[in-house]
Amino acid sequence: MRKGEVYLVGAGPGDPGLITVRGLELLRQADTVIYDSLANPALLKEAAPSAEMLDVGKRGGLHKAEQDEINQMLLDKASQGRSVVRLKGGDPFLFGRGGEEAEFLRRNGVMVHVVPGVSASLAVPALAGIPVTHRTASSSVTIVTGHEGAHKDAEWLDWAALARSGGTLVIMMGMSNIGRNMRRLMDGGVEPDAPVAVVQDGSSK
């Protein structure tokens, strides 16, 4: 691991055994670990005793650090010549703001490496025995957010189009808006008795 670089590491869907070999290797070597709430606490014990551990988690609307602060923290630590692991739940580029962090760091001259993680969008259905694609049932899978950011002027998702798309629809972060989102899908043509699974903390317990 070279100094003064940031590694965006996917921690996987919750079970500490589902982090990648490369992600675990980097975590054990890092000078600084900046982690979110979706990273299993058991993984944090894998960091070196000398590593600086910074919690920037977000849970239930409570943010220990805003995104701009996290971006600046990553830049500051890398500028100090430290090897920084940004440990993010799931995969860094799937609803994890990893893209925003990478853009900011690269604009500021910091080398960024992405270590993909196992996404809950695929892992949690699999662990529940649900294949998101199946030769006789579904030829496609669509992954969407169930909770769009407040920074958007209007909702970007076309729920009527999603209702007509066929295949498997995986809605991430959807518990707080589950009633609204189900109504929009039914308004778009999804039958009320269509098969559905609701899973929370799918690989964490």
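Above this text you will find the structure in question.
Below, the structure is looked at part by part. All values reported here derive from a predicted model rather than from experimental measurement.

## Describing the environment of I178
Within the fold, I178 resides in helix α7 (residues 178-187). Among the residues examined, I178 registers a relative accessible area of 31% and is labelled partly exposed. When the C-alpha atoms of I178 and H147 are compared, they prove to be 9.4 Å apart, with 31 residues separating the residues in sequence.

## Describing the nonpolar core
With 18 residues, the main nonpolar core has V9, I19, L26, L27, V33, V85 and L87 as its most contacted residues. Those elements that provide at least two residues to this core are β1 (5-10), α1 (21-29), β2 (32-35), α2 (41-44) and β6 (84-88). A total of 3 residues in this core trace back to one element, the largest contributor, which is α1. Not counting chain neighbours up to four residues away, the residues in contact with L87 comprise V9, A11, I19, L27, V33, I34, Y35, D36, A39 and L44. In terms of nonpolar packing, the next biggest core, distinct from the first, is built from 16 residues, V6, I34, A65 and A78 among them.

## Notes on the sheet that holds strand β3 (residues 52-55)
One open sheet holds the 5 strands; their spatial order is β3-β2-β6-β1-β7, and the pairing between them is parallel. The strands lining the two open edges of the sheet, one partner per strand, are β3 and β7 (111-115). When the angles between neighbouring strand axes are averaged without regard to direction, this sheet yields 20 degrees. Strands β1, β2, β3 and β6 of the sheet are contacted by helix α3 (residues 67-79), whose axis makes an angle of about 150 degrees with β6. Along the sheet face, helix α4 (residues 98-107) touches β1, β6 and β7 and points at about 170 degrees away from the line of β1.

## Examining the pattern of salt bridges
This structure, assessed with the given rule, holds 7 salt bridges. The shortest N-O distance in the salt bridge between D55 and K64 comes to 2.5 Å. Given a relative accessible area of 59%, K64 falls into the exposed group. The shortest N-O distance in the salt bridge between E101 and R86 comes to 3.2 Å. Remark: R86 occurs in strand β6 and E101 occurs in helix α4; sequence separation between them is 15 residues. As far as the burial class goes, E101 and R86 line up, both buried. When salt bridges with common partners are traced through the structure, they connect E52, K77 and R82 into a single cluster.

## Structural notes on a nonpolar patch on the surface
A contiguous nonpolar surface patch, about 340 Å² in accessible area, is contributed by M175, I178, V196 and V198. When you line up the elements, M175 lands in the loop between β9 (168-172) and α7. By relative accessible area, M175 is classed as partly exposed at 38%.

Criteria and cut-off values
- Residues numbered from 1 in each chain as written.
- Predicted model: local features only at pLDDT ≥ 70, side-chain atom pairs only at ≥ 80, totals over all residues.
- Heavy atoms only, no water.
- Helix = DSSP H or I, 4+ residues; strand = E, 2+ residues; numbered from the N terminus.
- Buried < 20%, exposed > 50% of the residue type's maximum accessible area, 1.4 Å probe, protein only.
- Core = buried A, V, L, I, M, F, W, Y, C linked by side-chain atoms within 4.5 Å.
- Contact = heavy atoms within 4.5 Å.
- Pairing = 2+ DSSP bridges.
- Axes fitted to C-alpha atoms, helices over the stretch in contact; angles between N-to-C directions.
- Salt bridge = Lys/Arg side-chain N within 4 Å of Asp/Glu carboxyl O.
- Patch = residues over 30% accessible without salt bridge, like charges linked within 9 Å, V, L, I, M, F, W, Y side chains within 5 Å.
- Areas by Shrake-Rupley, 256 points an atom, 1.4 Å probe, with all protein chains shown as cover.

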